[in-house]
Amino acid sequence: MGQVVKLDKTEAAATAAPHPAAANDASIPAPRPRRKPSWTPARIGVYGFLIVAALFFLLPLYVMLVTSVKPMEEIRLGTLFALPRHFTLEPWAQAWSSACTGLECNGIKGGFWNSVAIVVPSTILSIAIGAVNGYALSFWRPRGAGFLFAILMMGAFIPVQVMIYPLVRVLASVNLFSSLPGIIIIHTIFGMPVMTLLFRNYYAALPLELFKAARIDGGGFWRIFLQLMLPMSTPVIVVAVIMQVTGIWNDFLLGLVFAGSEHLPMTVQLNNIINTTTGERLYNVNMAATILTSVVPLALYFISGRWFVRGIASGAVKG
Amino acid sequence: MVKKRQNVSIAAYIAILPMALTVLLAYLGTMLWTARVSVSSSRTFPASDFVGASQYVRLFNNERWLLSLQNVAVYGVLFIALCLIIGFLLAVFIDQKVMAEGALRTVFLYPYAMSFVATGLIWQWILNPELGIQEVLHKLGWAGAKFDWIVDQDMAIYTIVIATVWQASGLVMALMLSGLRGVDEEIWKAARIDGIPRWRVYGSIVLPMLGPSVSTAFVLLFVMVVKVFDAVVAMTQGGPGTASEVPAKFIMDYLFGRANIGLASAASIVLLLTVLAIVAPLYFVRNRRAAMGA
Amino acid sequence: MSNVAIRNLQIKLGENKVIESLNLDVKAGEFVVLLGPSGCGKSTLLHSIAGLIDTSAGQIEIGGKDMTWADPKDRGIALVFQSYALYPTMNVEANMSFGLRINGTPKAEIARRVSRASDMLQLGPLLKRKPANLSGGQRQRVAIGRAIVREADVMLFDEPLSNLDAKLRTELRRELKQLHKQLGATMIYVTHDQVEAMTLAQRMAVMKGGVVQQFDTPDVIYNTPANLFVATFLGSPGMNLFKGELEQQGGRVLFKNEHLSVDVTGYPFQAPLTGKHACVLGVRPEDIDVGHGDGVGQAVRASVSLIEAMGAHRVVWLDFHGTQIAGIVQDQQLIETEKEISFSIRSYRISLFDGASEQRL
Amino acid sequence: MSNVAIRNLQIKLGENKVIESLNLDVKAGEFVVLLGPSGCGKSTLLHSIAGLIDTSAGQIEIGGKDMTWADPKDRGIALVFQSYALYPTMNVEANMSFGLRINGTPKAEIARRVSRASDMLQLGPLLKRKPANLSGGQRQRVAIGRAIVREADVMLFDEPLSNLDAKLRTELRRELKQLHKQLGATMIYVTHDQVEAMTLAQRMAVMKGGVVQQFDTPDVIYNTPANLFVATFLGSPGMNLFKGELEQQGGRVLFKNEHLSVDVTGYPFQAPLTGKHACVLGVRPEDIDVGHGDGVGQAVRASVSLIEAMGAHRVVWLDFHGTQIAGIVQDQQLIETEKEISFSIRSYRISLFDGASEQRL
Amino acid sequence: QAPLKATVIHWWTSGGESAAVKQFAEAYNKAGGQWIDQAVAGADQSRATTINRIVGGNAPTAAQFNTSKQFRDFVEQGLLNNVDDVAIAGKWDQIMPPSILQAIKINGHFYAAPVDIHMPAWFFYSKAAYKKAGIANEPQTWEEFLTQLAKLKAAGVVPLAFGGQVWQEKITFDAIFAMVGGADLYLKVYRDRDQKAVMSPQFKQVLVEFKKLKGFVDAGSPGRNWNDATAMVVQGKAGVQIMGDWAKGEFAAAKQVAGKDFGCYPGFGPKAPYIVAGDAFVFPKTNDANAVKAQKLLANVVTSPAAQVAFAARKGAIPIRGDVDESQLDICAKLGLSIMKDKSRQLPNTEMLATPDTTGALQDVLTSYWNKNQSADDAQKAFARAIKGE
Ligand SMILES: Nc1ncnc2c1ncn2[C@@H]1O[C@H](COP(=O)(O)OP(=O)(O)OP(=O)(O)O)[C@@H](O)[C@H]1O
Ligand SMILES: Nc1ncnc2c1ncn2[C@@H]1O[C@H](COP(=O)(O)OP(=O)(O)OP(=O)(O)O)[C@@H](O)[C@H]1O
Ligand SMILES: [Mg+2]
Ligand SMILES: [Mg+2]
């Protein structure tokens with residue numbers, strides 16, 4: 001990973017040119033003539049759009065946040081957008097460590113490590129398989145792979161819930177039902193269509209000549225994949241990680257069914273807290289719990305940006 | 001006589017073995033199983049009898065199912081179009097070397113991280129004429145303001161569009177951004193020399209180059225459309241009435257609450273065939289073009 | 001050391017039949033240069049030898065074995081891509097050593113070969129750079145380096161020196177020649193630089209539209225081009241052409257047209273002549289004697305339209321009844337544009353072509 | 001018509017100071033060729049003139065206006081990229097016409113320009129193809145086409161003909177010259193082909209390591225190189241060099257070393273000489289008279305180590321006490337490798353350089 | 001001897017429900033067992049989990065279902081153990097209401113242990129709102145109820161706090177049906193699926209009356225969650241809500257006291273029918289002797305009077321048996337318990353009478369009728385088709 005970061009830096013410095021605003025990011029002590037005033041109308045327009053869009057996107061989060069720090073009496077008033085009159089962090093504490101999810105009243109923190117134990121291997125495995133599939137489909141095209149892929153893509157359109165019953169039977173028949181490996185396999189299966197598609201299309205956009213050069217160099221299937229294609233895949237891997245971590249982290253249905261009671265992810269708890277049918281609802285706790293649960297994917301989103309490397313294949317081919 | 005193709009490494013076949021197994025055992029298997037169940041009288045559990053097409057007959061006599069298909073068509077067109085447009089725009093604007101890029105990216109992506117059970121409720125509140133935006137406008141003195149789509153038979157489906165676009169367009173943005181960043185800088189330079197305004201470069205050069213990313217995003221969104229469920233349940237429960245019913249909710253209702261997996265399976269099969277009917281021609285056209293051009 | 005034999009090769013790209021039916025026999029250890037106009041299928045040919053393009057028909061034999069459908073890595077080849085195709089995420093050193101690392105060459109040997117190549121290509125200070133941070137010529141050198149470190153039996157070069165400066169190019173030309181001697185590898189080399197072609201080639205294949213026009217030593221091709229195309233394609237400027245007729249006048253053969261008459265009796269016709277014959281006479285610029293009849297040919301007069309100083313010599317363009325004729329002047333005589341001047345053709349150095357088939361007579 | 005003036009330009013790429021402090025004054029309508037070894041910063045210079053690279057210091061003036069920070073599109077320039085940078089999703093025609101369509105050129109005018117360019121570049125049958133389906137040379141021609149249809153005031157060419165065959169190259173050279181005349185545009189042209197440089201340039205700038213070494217007409221540069229670098233960089237093969245000393249012997253000036261003594265009394269020294277002087281004598285291969293003393297210089301003997309036949313002439317490499325000396329032989333005399341032969345230096349054509357500073361004396 | 005482990009899947013996940021289920025767990029643990037809790041929010045989800053666990057060979061000891069036809073298929077598939085021993089020893093036949101027995105006793109065997117009784121159609125009203133509208137007493141007839149709603153409306157409060165979700169619409173309809181149409185018609189329609197009854201003018205009248213409520217709900221009702229509706233009553237913004245007795249939890253959370261801050265009544269007049277619903281545990285088939293023992297112990301414990309009343313008090317429900325100490329219960333529950341003693345007033349809810357599939361179809365019909373501009377005639381026809389099971 002360290003290597004990738006380094007690449008990011010040099011890329012940014014070397015390719016500053018086409019973006020006017022970047023003129024001032026190389027630090028040179030001597031006073032430099034400015035390329036342009038920073039605040040051109042176009043620039044203002046860019047920020048204007050982004051700010052408006054950001055406000056739209058943030059509106060629900062704002063409501064969630066203020067709801068999560070209000071006592072229930074205030075929430076019942078129905079003043080959605082008002083700031084809390086009695087600010088309280090009690091709901092957050094409760095959500096994290098004392099909300100009841102059935103008999104247990106330990107909040108959502110209980111399943112945290114279970115979630116981690118499911119997410120990490122599932123993400124890695126599903127991305128690895130998706131990347132290999134995409135790579136094979138784009139560059140090697142083994143016979144029949146196209147057909148398999150077509151069916152795989154069709155499978156993406158079947159509601160997960162419909163597939164659960166038969167999959168339970170299959171996994172039960174190989175003694176993997178209700179186990180950690182079982183849930184990892186399940187996530188890999190359900191992630192496969194989209195992961196494969198993602199990587200297949202990404203690789204389709206890379207210059208074919210690179211693959212040819214590697215073939216001439218004697219690279220076999222795995223060599224080319226590991227040493228050439230994977231390092232060039234950072235942007236798409238980021239997208240894949242975002243999708244898989246979010247999807248798997250937020251899943252509770254599959255976790256509930258396949259993970260077995262020792263491995264229930266924290267979202268099962270979250271669901272138990274917020275999704276009660278006939279019990280009373282503590283909206284503030286619900287919101288706090290929801291935000292708390294999403295902290296891991298959010299953190300990931302925030303730090304993932306540096307791997308959206310610019311011009312990853314630049315300098316490779318001429319023409 | 002002549003082999004048509006050069007040897008493909010054995011490793012390639014080994015590498016796609018997991019995919020082959022998954023496809024055969026999980027996907028093809030499930031599809032066949034579902035097809036089988038759909039011609040039985042299964043209720044809570046799969047039955048092994050054969051009742052012909054009666055589940056299908058019942059399905060197509062079911063007004064709610066037909067309405068669901070209709071709704072999802074409207075929803076799908078809008079949702080996909082808006083997500084692609086907004087996602088692309090966000091990616092483009094974020095790509096302008098803006099300050100706080102990481103924060104903005106997170107802002108646009110965060111809805112994707114949050115359970116719709118909670119955020120759907122928030123949307124329900126925000127859109128509710130007694131609580132949300134309309135009420136705020138009234139309080140601000142604009143008494144005539146009206147924004148009650150969520151309780152309006154004709155408009156409810158559009159509120160689902162708003163909320164789900166809010167949720168998914170960040171992902172499209174990320175996808176597009178990864179594609180954008182892959183465009184060779186030299187192309188940008190050439191366009192600057194040619195005096196092409198940035199927006200035209202995005203429109204005429206970069207966007208076509210993003211073809212694969214767009215098609216990934218399209219398929220992804222299409223899958224989301226077919227499976228849209230959480231948002232509907234959290235926001236409108238399919239209502240008012242049946243105004244925002246969608247096929248996935250129909251299937252889920254029959255699968256669990258109404259314990260009729262025969263009908264649910266029939267619906268799944270119909271849904272799958274519909275998707276196939278839409279996607280296959282696209283796929284065919286693309287392949288043809290690939291064969292002729294690139 | 002492997003020979004490369006190509007038989008009836010046919011290649012389609014998309015709808016285009018790029019190569020129709022090509023035959024080429026390269027001996028083991030030979031240095032063959034491929035020459036041909038832009039888009040004639042040179043790169044396509046190299047790629048098909050390397051196994052990167054599927055052949056539609058025909059056969060490719062390398063080292064005595066049929067390799068038509070063999071995997072690129074089993075063919076024992078190295079290839080310099082015209083478009084470089086460098087690995088963008090690897091630095092120069094890794095780019096060069098990738099192939100060696102793959103086939104398990106010992107570390108020390110890798111280091112030796114890479115350092116030799118980088119010395120030869122003057123890449124020493126750039127070894128840790130990524131391709132994106134290199135100049136065009138530097139990238140090209142990395143592409144060459146990647147191929148030569150492999151020390152393969154058959155080495156394919158696709159315009160490897162096109163983006164290098166003349167000095168470096170001269171040096172590398174010599175280095176490549178040496179490499180060839182040393183490794184004894186078979187080399188097939190595409191270039192547009194005729195000096196390169198002439199100095200490197202043991203044999204030269206001139207292609208046009210996917211067909212080999214002539215395959216022989218550079219000398220033979222330069223001096224006795226097999227057809228009009230080869231004649232005009234080679235040389236800079238190309239051969240001067242005069243349309244006319246061959247006439248036999250009592251044991252002597254004369255080339256005649258409106259303005260010119262050249263005695264070609266001594267010409268080594270490949271087949272005996274019969275009667276009159278529409279024909280094209282070709283003569284290289286250096287065989288046009290400008291300024292003084294040299295006593296061999298008949299001196300005629302033309303006006304000077306352009307003089308190009310080339311350093312060592314001058315190219316003088318003459319307007320001879322509307323056709324432009326190029327002559328090379330080595331000495332320091334005073335020549336001025338727009339003035340009339342006499343020139344003559346060294347008739348013992350001419351080529352004659354059939355007027356219809358354009359083949360050499 | 002715009003002049004281009006560059007003052008104290010400094011450019012950094014990443015950590016590298018690629019251009020340190022460069023000055024160049026190109027007159028309006030002039031055709032200037034940039035020449036320099038691979039990686040010396042030619043492309044960087046063109047890109048900075050085009051406004052694609054930010055300058056660290058210095059000023060760029062185009063058409064009399066300070067354009068250091070102007071947008072590329074406001075500079076009135078066209079640029080052929082060394083790496084082509086074609087729009088991959090557009091066909092050849094669209095690639096060429098896109099810029100014109102954007103700036104609202106009338107349709108008829110676009111059609112006219114595109115068809116003229118495609119005729120000139122022989123791209124006619126390829127207009128509907130995408131770049132991916134073109135050969136290397138065809139892509140390069142599209143890149144040229146895209147620049148020339150713009151008919152900009154300043155046209156920048158970065159090795160535009162490097163991947164074309166000699167014949168096409170000669171034709172295009174002439175066409176470009178014509179275009180230059182016709183448009184009156186200022187042209188700055190990077191090439192490694194010295195024939196191209198010599199024939200096209202009104203003035204020529206020789207660069208090294210981001211610094212202009214000499215900027216003058218081709219003739220001046222070829223015949224009186226300003227320093228050792230320019231002397232050896234130009235010419236193919238480059239100038240032969242002999243190290244030695246200058247001695248004044250009663251009114252006469254002699255160049256002397258162990259094996260050689262040349263009378264250089266007639267040499268046009270730029271500054272008067274004083275005493276002994278470590279010095280390098282340079283002489284071009286064509287000024288080495290091989291096989292017979294021509295009576296001007298003193299004939300010495302060396303052994304022939306290599307003969308390169310170049311068609312019109314031969315390059316003879318002589319081993320003169322361990323140094324390789326190149327001579328050009330125009331006539332047909334018999335020369336054999338490994339035999340001894342005599343040669344002489346035309347002393348009225350030599351160049352002398354200071355032994356330490358390497359500047360011309 | 002090791003304690004008898006019992007894994008129990010249920011969907012009691014809210015605060016009040018958790019407190020309730022804790023009573024069962026403690027009672028079971030005290031009786032020598034070990035309760036292993038598996039809460040899964042959402043009734044559908046919870047039942048689906050049970051199914052999958054059974055299919056996957058990892059069945060729980062007990063699982064929650066509604067006291068209804070939901071587990072009929074399990075019985076038919078032979079996937080459940082019966083608890084006849086416990087039922088006979090505990091004289092369930094005598095102490096439990098017939099509607100519940102009807103649901104759990106299949107082919108003469110007891111396949112479920114009922115744990116509570118919910119009445120899904122209570123009327124909760126805000127005393128503050130009633131005061132504001134000048135209403136003194138609870139309505140004795142449907143007409144009076146409508147008048148009160150009109151008064152509330154005139155006073156500027158939302159008369160009926162309503163959540164426009166299908167199941168809430170169904171609850172409301174069933175309440176009106178039982179009240180306006182009477183128990184006979186109710187049973188004829190739901191139990192006997194009597195087409196004539198469905199097509200009768202009386203039934204049509206029920207539909208018409210039901211739709212009248214539409215005039216008393218606010219614009220924001222569609223899609224609203226039940227507890228948001230309850231909040232309106234709590235706030236005094238709305239007058240009445242028709243909802244199950246679990247809504248008391250919301251009032252309690254807002255520190256409101258039944259009889260003081262809000263009122264509750266199960267229907268109009270002294271003979272109003274009392275709709276019965278509830279939860280039950282089923283016991284998936286197992287041959288493990290210990291597990292069977294655990295199932296029996298569990299069935300025994302959860303139906304015992306002490307556990308029952310402790311559970312019901314916290315859950316807001318009423319016990320399945322009358323022979324309990326009422327003092328722990330609130331006044332609504334006490335009222336319910338006393339009504340339950342009159343068997344003639346007991347009325348099973350639809351789930352007990354019809355398959356989930358049919359119930360669902362009825363919901364679809366009603367939601368269409370409620371939300372669209374559909375005539376009562378059309379709705380009646382659709383209702384008839386749905387109940388026939390087409
Ligand atoms: N992005 C970059 N970062 C750092 N150094 C760079 C970068 N791009 C080019 N260079 C270096 O800058 C120098 C000048 O590069 P430039 O492309 O201008 O050379 P050039 O004269 O055009 O050479 P060539 O004839 O090989 O094309 C080279 O030594 C190159 O290695
Ligand atoms: N993918 C393709 N699809 C269709 N035609 C193609 C494709 N690639 C190349 N061609 C055509 O095939 C012909 C031969 O191409 P090739 O690259 O072999 O030429 P070349 O001899 O190497 O030319 P150059 O000297 O310009 O590199 C060209 O006319 C080109 O237009
Ligand atoms: Mg080529
Ligand atoms: Mg360059």
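Check the entry above for the structure.
Remember, it's a predicted structure, so these values are computed and weren't measured experimentally.

**Topic: the overall build of chain B**
Each helix and strand counted, chain B has 14 helices and zero strands in total. Reading the secondary structure of chain B in the N-to-C direction produces α-α-α-α-α-α-α-α-α-α-α-α-α-α. Taking all 294 residues of chain B together, the buried fraction comes to 61%. The contacts in chain B between residues at least 6 apart in sequence include a share of 67% that link residues at least 24 apart. In the structure as shown, chain B presents an accessible area of about 10,900 Å², 70% of it carried by carbon and sulfur atoms. Treating the 22 positive side-chain charges of chain B as one cloud and the 16 negative ones as another, the clouds have centres 12 Å apart.

**As for the site of ligand 1**
In the vicinity of ligand 1 there are 22 residues, among which Arg-129, Gly-137 and Gln-138 of chain C together with Ser-43 and Thr-44 of chain D approach most closely. The site occupied by ligand 1 is bordered by residues of chains A, C and D. Side-chain polar atom of Asn-16 of chain D to a nitrogen atom of ligand 1: 3.5 Å apart, as the coordinates give it. His-192 of chain D places a polar side-chain atom, nitrogen or oxygen, 3.1 Å from an oxygen atom of ligand 1. Across the complex, the protein chains shield 91% of the 630 Å² of accessible surface that ligand 1 would expose by itself.

**Regarding the interface of chain D and chain C**
As a measure of interface size, the accessible area lost when the parts come together is often cited. At the junction of the two partners, chain D supplies 41 residues and chain C supplies 40 residues. For the pair chain D and chain C, the summed buried surface comes to about 3,400 Å²; carbon and sulfur atoms form 50% of the total. Counting every contact that joins chain D to chain C gives zero salt bridges. Listing elements by their share of the side of chain D that touches chain C, those giving two or more residues are α4 (136–148), α5 (166–183), α6 (194–200), α7 (218–223), α8 (228–233) and β16 (300–309) of chain D. The dominant element in the side of chain D that touches chain C, judged by the number of residues it contributes, is α5 of chain D, at six residues. Of the residues that constitute the side of chain D that touches chain C, the class distribution is 13 nonpolar, 17 polar and 11 charged.

**Topic: the coordination of the magnesium ion (ligand 4)**
Distances from the magnesium ion (ligand 4) to its protein donors, namely Ser-43 of chain D (OG) and Gln-82 of chain D (OE1), fall within the range 1.8 to 2.1 Å. Highlighted residues: Ser-43 of chain D in helix α1 (residues 42–50) and Gln-82 of chain D in the loop between β6 (77–80) and α2 (92–102), separated in sequence by 39 residues.

**A word on the environment of Ala-231 of chain C**
All names here are of chain C. Along the chain, Ala-231 falls in helix α8 (residues 228–233). Along the chain, Ala-231 and Thr-170 lie 61 residues apart, while their C-alpha atoms are 25 Å from each other. With residues near it in sequence (within four places) discarded, Ala-231 still touches Pro-225, Met-239, Arg-284 and Phe-353.

**What about the relation of the copies chain D and chain C?**
With an axial shift of 0.0 Å and an RMSD of 0.1 Å, the rotation relating chain D to chain C amounts to 180°. Between the two chains, the operation in question is that of a two-fold axis. Minimal C-alpha separation from the rotation axis in chain D is found for Ser-162 of chain D, amounting to 2.8 Å. Both copies present the same face, since 98% of the interface residues in chain D are matched by interface residues at the equivalent positions in chain C.

Calculation notes
Residues numbered from 1 in each chain as written. Chains lettered and ligands numbered in written order. Predicted model: local features only at pLDDT ≥ 70, side-chain atom pairs only at ≥ 80, totals over all residues. Heavy atoms only, no water. Helix = DSSP H or I, 4+ residues; strand = E, 2+ residues; numbered from the N terminus. Buried < 20%, exposed > 50% of the residue type's maximum accessible area, 1.4 Å probe, protein only. Contact = heavy atoms within 4.5 Å. Areas by Shrake-Rupley, 256 points an atom, 1.4 Å probe, with all protein chains shown as cover. Lys, Arg positive; Asp, Glu negative; His and termini not counted. Charge placed at Lys NZ, Arg CZ, Asp CG, Glu CD. Near = heavy atom within 4 Å. Polar contact = N/O pair within 3.5 Å; in protein donor to acceptor, adjacent residues only side chain to side chain. Buried area = accessible area lost by both parts, 1.4 Å probe. Salt bridge = Lys/Arg side-chain N within 4 Å of Asp/Glu carboxyl O. Nonpolar A, V, L, I, M, F, W, Y, C, P; charged D, E, K, R; others polar. Donors = N, O, S within 2.8 Å, 3.2 Å for Na, K, Ca; no water. Least-squares fit on C-alpha atoms with pLDDT ≥ 70 in both.

Read these as layout, nothing more, since geometry by itself doesn't imply function.
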